[in-house]
Amino acid sequence: MNSTIPAPKKLQPVVPADELFKYQDGASAKDLFNSGATGYAYNDFVMLPGHIYFGADDVSLETKVSRNVTLRAPFVSSPMDTVTESDMAIHMALFGGIGVVHYNNTVREQKREVDRVKRYENGFITDPKTLSPRDTVADALEIKKRYGFMGIPITSSGGMESKLCGIVTTRDVEFVKDVTTPLQDVMTTELVTANQGTTLEQAYNIIKKAKKGKLPIINERGELVGLVARTDILKNRDYPNSAKDAKRKRLLCGAAIGTRKEDRDRLDTLAEAGIDVVVLDSSQGDSMFQLDMLRWIKTAHPGLDVIAGNVVTQNQAAHLIAAGADGLRVGMGCGSICTTQEVMACGRPQATAVYRVAKLAAEHGVPVIADGGVSSVGHIIKGLALGASSVMMGSMLAGTQESPGEYVYRSAPGGDGTVRYKKYRGMGSVAAMKAGSAVRYFAEGENERIRVAQGVTGSVADKGSLKRYLPYLTTAVKHGLQDMGVMSVAQMHEYMRADNLRFQVRTPAAQAEGGVHSLASWDREH
Ligand SMILES: NC(=O)C1=CN([C@@H]2O[C@H](COP(=O)(O)OP(=O)(O)OC[C@H]3O[C@@H](n4cnc5c(N)ncnc54)[C@H](O)[C@@H]3O)[C@@H](O)[C@H]2O)C=CC1
Ligand SMILES: O=c1[nH]c(=O)c2[nH+]cn([C@@H]3O[C@H](COP(=O)(O)O)[C@@H](O)[C@H]3O)c2[nH]1
Ligand SMILES: [K+]
């Protein structure tokens with residue numbers, strides 16, 4: 001389980017400790033969610049406030065998405081083709097969370113998205129894209145197109161640990177008409193370099209002084225062994241809360257796969273690309289397919305964390321934990337685009353599902369992701385309060401600048417001007433299945449061509465850039481925890497399990513009262 005993040009010494013409750021929870025008002029989570037007969041959704045209940053003895057900025061949102069992968073904010077983006085590709089995953093990690101790249105694509109395409117994330121921000125780039133003097137301007141432009149960066153070291157062999165001959169940047173190639181021109185004719189050969197053994201700080205100082213974009217690192221034989229990028233210095237400055245892997249300080253990135261034979265090859269490729277965690281993506285995770293896959297991954301890729309699911313019951317969770325799951329994804333049919341409960345008659349109200357699964361998972365030290373059904377900041381806080389260590393979102397993040405797809409314009413509801421929308425669809429919708437996941441839905445034998453859709457295609461309104469939206473979510477969640485008198489996600493779990501976090505069911509009238517009401521018109525801005 002996540003280790004407790006202790007409150008700094010100076011921030012002790014100002015009321016005596018034994019009076020902090022003297023009057024046990026409301027109900028405990030146990031009281032609420034242990035009833036087998038009734039399942040609750042997030043909107044059915046609310047938490048009671050606690051004692052505030054710290055500022056919202058003192059709240060830590062550090063958490064774990066799986067046993068060995070730590071986040072700085074409890075946000076995970078869904079592996080959906082209208083939600084998570086590289087741009088989304090990069091920004092999720094820059095703001096402390098993690099994106100899970102979808103697999104409704106070819107292995108090559110998925111790897112390319114992961115590559116973009118893992119190469120985005122490096123200290124020392126130890127595996128930069130390199131070319132040889134005999135490669136052409138077209139080759140350099142292809143790298144720019146694929147990876148979105150330019151500043152390519154040119155070595156005599158075209159690879160690492162080979163004599164550094166020059167560097168090619170956008171400026172060297174932008175006006176070259178003949179793209180077959182060899183790079184030796186256009187590359188810059190007067191280079192500022194640093195020797196192997198230079199510290200990152202020294203490298204940054206050299207870059208700042210020389211006003212260069214890239215600093216190649218060479219060994220005593222003049223061979224290229226690494227690269228430091230100026231943009232990384234700026235990124236480090238702008239995103240102090242980014243979530244990175246411990247070893248190489250690269251942005252965290254997750255990827256989803258299925259449970260078919262061919263997904264094993266897919267995972268081999270993704271693991272090579274450096275994913276930090278793999279998500280076994282299924283609506284019903286307690287299957288022989290997933291158990292087989294889990295066991296295989298634990299042997300073939302023992303260092304890789306595996307998030308299994310989806311599950312909503314303790315039995316399902318127990319089977320996956322026994323097979324080695326390092327994290328569990330909870331939610332069946334609660335998503336905004338989900339029709340699973342209608343079509344399959346299977347699923348569970350999300351608040352109860354999160355509480356029940358997280359309770360068991362915590363006993364085994366397995367973090368839980370509350371997946372789906374989040375349509376407000378309050379739902380994020382409720383998912384965490386019930387024992388989830390992070391929250392996975394689809395519709396909340398679709399419609400941002402960083403989600404895949406183009407904006408379309410439609411007249412605003414009420415006919416006042418136009419509003420921008422982006423497409424958002426379930427991975428079990430007919431459109432998504434047609435686009436790539438069809439193979440997962442073909443029933444065996446005679447029914448081979450019958451697809452049973454479990455999702456719909458829709459659209460969501462423009463939410464602007466994650467650069468504004470994620471800091472807003474982070475701040476709002478911190479304020480929520482502050483109101484409950486807890487300084488961290490881990491402390492909220494402790495309070496909840498010790499019956500010190502108090503809950504109350506909201507009747508339909510209470511829900512109406514808790515929403516906006518009695519106004520002639522209103523507008524919500526944030
Ligand atoms: N969280 C939720 O409530 C839901 C999520 N979804 C999303 O839709 C997408 C597809 O979900 P699923 O349909 O559950 O995908 P899935 O790939 O787990 O299952 C599709 C079908 O393939 C079968 N299958 C899987 N592995 C197999 C193997 N190795 N050999 C033979 N058959 C095998 C399954 O039993 C199932 O009938 C995912 O992205 C999922 O997250 C869909 C419905 C609900
Ligand atoms: O029943 C379903 N049919 C689908 O086609 C589908 N596609 C995604 N998902 C799941 O929904 C989650 C995102 O939900 P939200 O938009 O509510 O965040 C995701 O994270 C998934 O768990 C689906 N569920
Ligand atoms: K639903």
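Here the structure is a predicted model, which means the values were calculated and not measured.

Q: If you had to explain the environment of V460 to someone new, which residues and values would you point to?
A: Checked against the element boundaries, V460 lands in strand 19 (residues 457-461). With a relative accessible area of 13%, V460 lands in the buried category. Residues V460 and S395 lie 65 residues apart in sequence; the distance between their C-alpha atoms is 7.1 Å. The contact partners of V460, leaving out residues within four places of it in the chain, are S395, A398, G399, R420, Y421, K422 and Y424.

Q: Outline the coordination of the potassium ion (ligand 3), listing residues and values.
A: Listed as protein donors to the potassium ion (ligand 3) are G333 (O), G335 (O) and C338 (O); their distances from the metal cover 2.7 to 2.9 Å. Mapped onto the sequence, the residues coordinating the potassium ion (ligand 3) show the spacing G-x1-G-x2-C. Using a relative accessible area of 28% as the deciding quantity, one classes C338 as partly exposed.

Q: Explain the pattern of salt bridges to me, using residue names and the numbers behind them.
A: Summed over the entire model, instances satisfying the criterion amount to 17 salt bridges. In this structure, R329 engages D371 in a salt bridge whose closest nitrogen and oxygen atoms are separated by 2.9 Å. Here R329 is found in strand 14 (residues 327-330), whereas its partner D371 is found in strand 15 (residues 368-371), with 42 residues between them in sequence. Using a relative accessible area of 7% as the deciding quantity, one classes R329 as buried. The exposure class of D371 is buried, given its relative accessible area of 8%. In this structure, a network of salt bridges that share partners links the residues K118, D245, R250 and D276.

Q: Outline the environment of G226, listing residues and values.
A: Secondary-structure assignment places G226 in strand 10 (residues 224-229). The class of G226 is buried, set by a relative accessible area of 3%. A sequence separation of 10 residues divides G226 from P216, and the C-alpha atoms of the two residues are 6.0 Å apart. The residues touching G226, leaving out its near neighbours within four places in the chain, are I125, M160, L215, P216 and I217.

Q: Run through the packing of aromatic side chains, naming residues and quoting values.
A: Within this structure, the stated rule accounts for 9 aromatic pairs. Ring geometry for F21 versus Y495: centroids 5.0 Å apart, planes at 85°, classification edge-to-face. Of this pair, F21 sits in the segment before helix 1 (29-33) while Y495 sits in helix 16 (residues 489-497), placing them 474 residues apart in sequence. Among the residues examined, Y495 registers a relative accessible area of 11% and is labelled buried. Relative to F503, the ring of F45 has its centre 5.8 Å away and its plane inclined at 50°; by these criteria the two rings are tilted. Of this pair, F45 sits in strand 1 (residues 45-47) while F503 is found in strand 20 (residues 503-505), placing the two residues 458 residues apart along the sequence. Across the pair, F503 and F45 agree in class, each one buried. Ring pairing ties together the aromatic residues F33, Y40, F45, Y355 and F503, which thus form one cluster.

Q: Account for the domain arrangement of the protein, naming residues and giving values.
A: Structurally, the protein comprises domain 1 (17-120 + 243-401 + 466-514), domain 2 (137-232) and domain 3 (408-461). On a C-alpha basis, the centroid separation for the pair domain 1 and domain 3 is 23 Å. Taken residue by residue, the interface counts 22 residues in domain 1 and 20 residues in domain 3. Interface of domain 1 and domain 3: buried area, both sides summed, is about 1800 Å²; carbon and sulfur atoms make up 52% of it. Counting the surface domain 1 buries against domain 3, the share from its top three residues, N104, R260 and I337, is 32%. Taken together, the links from domain 1 to domain 3 amount to 1 salt bridge. Taken together, the connections running from domain 1 to domain 3 amount to 10 residue pairs in polar contact (both at pLDDT 80 or more).

Q: Which residues make up the site of ligand 2, and what are the values?
A: Surrounding ligand 2, one finds 24 residues, the nearest of these being C338, D371, Y424, G428 and Q454. The side chain of D371 places a nitrogen or oxygen atom 2.5 Å from an oxygen atom of ligand 2. One of the side-chain nitrogen or oxygen atoms of Y424 is found 2.5 Å away from an oxygen atom of ligand 2. Burial of ligand 2 by the protein chains amounts to 91% of its free accessible area of 510 Å². There are two domains that each give the shell around ligand 2 at least three residues, and those are domain 1 (17-120 + 243-401 + 466-514) and domain 3 (408-461).

Q: How would you explain a nonpolar patch on the surface if you had to name every residue and give the values?
A: On the surface, a cluster of nonpolar side chains totalling about 310 Å² of accessible area is made up of V343, M344, I450 and V452. Inspection of the secondary structure assignment puts M344 in helix 11 (residues 340-344).

Q: With reference to specific residues and values, describe the sheet that holds strand 13 (residues 305-311).
A: The 8 strands lie next to each other as 4-5-11-12-13-14-15-16, forming a closed barrel whose pairing is parallel. Shown here is a sheet whose adjacent strand axes are inclined to one another by a mean of 25°, direction ignored. In this sheet, strand 14 lies alongside strand 13 in parallel orientation, the contact comprising 4 bridges. Bridging from a neighbouring strand, G309 pairs with R329 of strand 14. Relative to the sheet, helix 8 (residues 262-273) contacts strand 11 (254-257) and strand 12 (277-280), its axis offset from that of strand 11 by approximately 170°.

What counts, and at which threshold
Residues numbered from 1 in each chain as written. Chains lettered and ligands numbered in written order. Predicted model: local features only at pLDDT ≥ 70, side-chain atom pairs only at ≥ 80, totals over all residues. Heavy atoms only, no water. Helix = DSSP H or I, 4+ residues; strand = E, 2+ residues; numbered from the N terminus. Buried < 20%, exposed > 50% of the residue type's maximum accessible area, 1.4 Å probe, protein only. Contact = heavy atoms within 4.5 Å. Donors = N, O, S within 2.8 Å, 3.2 Å for Na, K, Ca; no water. Salt bridge = Lys/Arg side-chain N within 4 Å of Asp/Glu carboxyl O. Phe/Tyr/Trp six-rings, centres within 6.5 Å; stacked < 30°, edge-to-face > 60°. Domains from an automatic or database assignment. Buried area = accessible area lost by both parts, 1.4 Å probe. Polar contact = N/O pair within 3.5 Å; in protein donor to acceptor, adjacent residues only side chain to side chain. Near = heavy atom within 4 Å. Areas by Shrake-Rupley, 256 points an atom, 1.4 Å probe, with all protein chains shown as cover. Patch = residues over 30% accessible without salt bridge, like charges linked within 9 Å, V, L, I, M, F, W, Y side chains within 5 Å. Pairing = 2+ DSSP bridges. Axes fitted to C-alpha atoms, helices over the stretch in contact; angles between N-to-C directions.

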